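# Summary of the model geometry
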Amino acid sequence: MIQVAVMGYGTVGSGVVEVIEKNKEEINKKSGEEISIKYILDLRDFPGDPYGDKVVHDVEQILNDPEIKIICETMGGLKPAYDFTKRALLMGKSVCTSNKELVAAHGPELIAIAHENKCNYLFEASVGGGIPIIRPLNYSLTAEKIDAITGILNGTTNYILTKMEREGADFESVLKEAQEKGYAEKNPEADVEGYDACRKIAILSSLMCGRHVRYEDIYTEGITKITAADFAYAGAMGKTIKLLAQSKEEDGKLYAMVAPFMIDGEHPLSMVNDVFNAVCVHGNMLGDSMYYGRGAGKLPTASAVVSDVVDCARHLGKVIMCFWEEGNVALTGIEQAKRRFFVRVAQENERKALEIFGKASVVEAGVPGEFAFVTEVMPEKEFNEKANETGIISRIRME
């Protein structure tokens, strides 16, 4: 029997317990051992909960119990999750986590500590909820040189953009509805400003190149400036708008960013709607592959945590390879990245805009008082200089 502890009995933590208990027969068969939850760490008590008798309030009870071999860290945040995780790994206890903030900040350090102590730090649930993406990058695609990863990595923003497109609604009204339905937090900043997606693409970028990509170095832009008029223009062009997190290696340089993009209706990510997530991975031999599913939620995320528990149970005392070493990657600024831009200007600035930007494709969508167009391919720096000279209403990058 392998004894497991769960740290944090919130949405994901309670989901982990539910998955292990409901799918006990399958999990035990695939683990080769019986998996049993011995402790649940939380500050609160849970009277009436079927697993309330397993709740403890002191982490020392877990860390000092030699029977505990695997810990599920579902607390979230950096403190005290970092301290608890580091101590557990130093004691040879494997840790499985859904904590993207901790993985993005301290991933290579914690992986190194785990390997030094012949245990594992696994984090499948930290990106894409229940979508398998970490394991494919570590195992299935090891024969590939991965040179690009692009994904829709936040269900809240994807839900908001989907509703705006379908209903012609503005951002604020859809955000309010998303909060009422529980899809968006009371303070939605981490989602709508792109910070959540930024941490996730930092993790994927690090696995792509094998060294640490700091999320603080990634250009990040959210969806708060996207309007119903933007979707009207996108529809007129047969396109849609998605918040994309992407990492690309070109000519030995690594670019990473999070921002809204207009994408063609034939782009594989254009069909990813509502709270669903998807990740497109490009390898130099395989070409494109795509991973799609529920990117958040109690049971999908918990399922990914438990899949790591099974992996740890199969490899007790052995190290599961993860190619993410310490040492920061120097990202190239996006100023030289080349692309087209969709631009909106006031009607009276039409001539000026065309003089400054030169050749452009005009877009008609029946929006009064505006002139809209798509630029030729140009570096970000050049576009910004021309946009400042022109005086624009808004711009959206084209993928």
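Notes on the structure in this doc start here.

About the thresholds
Residues numbered from 1 in each chain as written. Predicted model: local features only at pLDDT ≥ 70, side-chain atom pairs only at ≥ 80, totals over all residues. Heavy atoms only, no water. 1 Å grid on protein atoms, 1.4 Å probe; cavity = no way out; pocket = protein on both sides within 12 Å on 5 of 7 lines; lining within 4 Å. Points joined across faces, edges and corners; volume = space filled by probe spheres on them. Helix = DSSP H or I, 4+ residues; strand = E, 2+ residues; numbered from the N terminus. Nonpolar A, V, L, I, M, F, W, Y, C, P; charged D, E, K, R; others polar. Pairing = 2+ DSSP bridges. Core = buried A, V, L, I, M, F, W, Y, C linked by side-chain atoms within 4.5 Å. Buried < 20%, exposed > 50% of the residue type's maximum accessible area, 1.4 Å probe, protein only. Contact = heavy atoms within 4.5 Å.

## With respect to the layout of surface pockets
Put simply, the largest pocket is a space of about 1,200 Å³. K100, E185, D191, D196 and A296 are the residues nearest the centre of the largest pocket, which is lined by 41 residues in total. Listed by contribution, the elements that provide at least two residues to the lining of the largest pocket are α1 (11–22), α5 (100–116), α7 (155–167), α9 (189–192), α10 (195–209) and α12 (298–314). Taken together, the residues of the lining of the largest pocket break down into 11 nonpolar, 19 polar and 11 charged.

## Examining the sheet that holds strand β5 (residues 94–97)
Strand order in the open sheet formed by six strands is β3-β2-β1-β4-β5-β6, and the pairing between neighbours is parallel. Strands with a single pairing partner mark the edges of an open sheet, and in this sheet they are β3 (55–56) and β6 (121–122). Across five bridges, the pairing between strand β1 (residues 2–7) and strand β4 (residues 68–73) is parallel. Counted as the bridge partner of Q3 is I68 from β4.

## Things to note about the nonpolar core
One broad rule of soluble globular proteins: the nonpolar side chains tend to lie buried together. Formed by 85 residues in total, the largest nonpolar core has its most connected members in Y121, F123, I160 and L204. Top contributing element to this core by residue count: α10, with eight residues. Discounting residues that sit within four places of it in the chain, Y121 has contacts with T85, L89, V95, T97, L102, V103, L110, I111 and A114.

## Notes on the environment of V192
With respect to the helices and strands, V192 occurs in helix α9. Residues V192 and T156, 36 residues apart in the sequence, show an inter-C-alpha distance of 7.7 Å. Apart from residues lying up to four places away in sequence, V192 is in contact with T157, I160, F171, L175, G222, I223 and T224.

## Description of empty space enclosed by the protein
Summary: where empty space remains is shown by rolling a probe the size of a single water molecule over the atoms. Tallied over the full model, the rule gives one cavity of 30 Å³ or more. Each pocket or cavity is described by its volume, and for the largest cavity that value is around 110 Å³. In this structure, the largest cavity is lined by 13 residues; those nearest its centre are L122, I134, N138, Y139 and D308. At four residues, helix α6 (residues 134–140) tops the list of elements feeding residues into the lining of the largest cavity. For the lining of the largest cavity, the per-class residue count stands at eight nonpolar, one polar and four charged.

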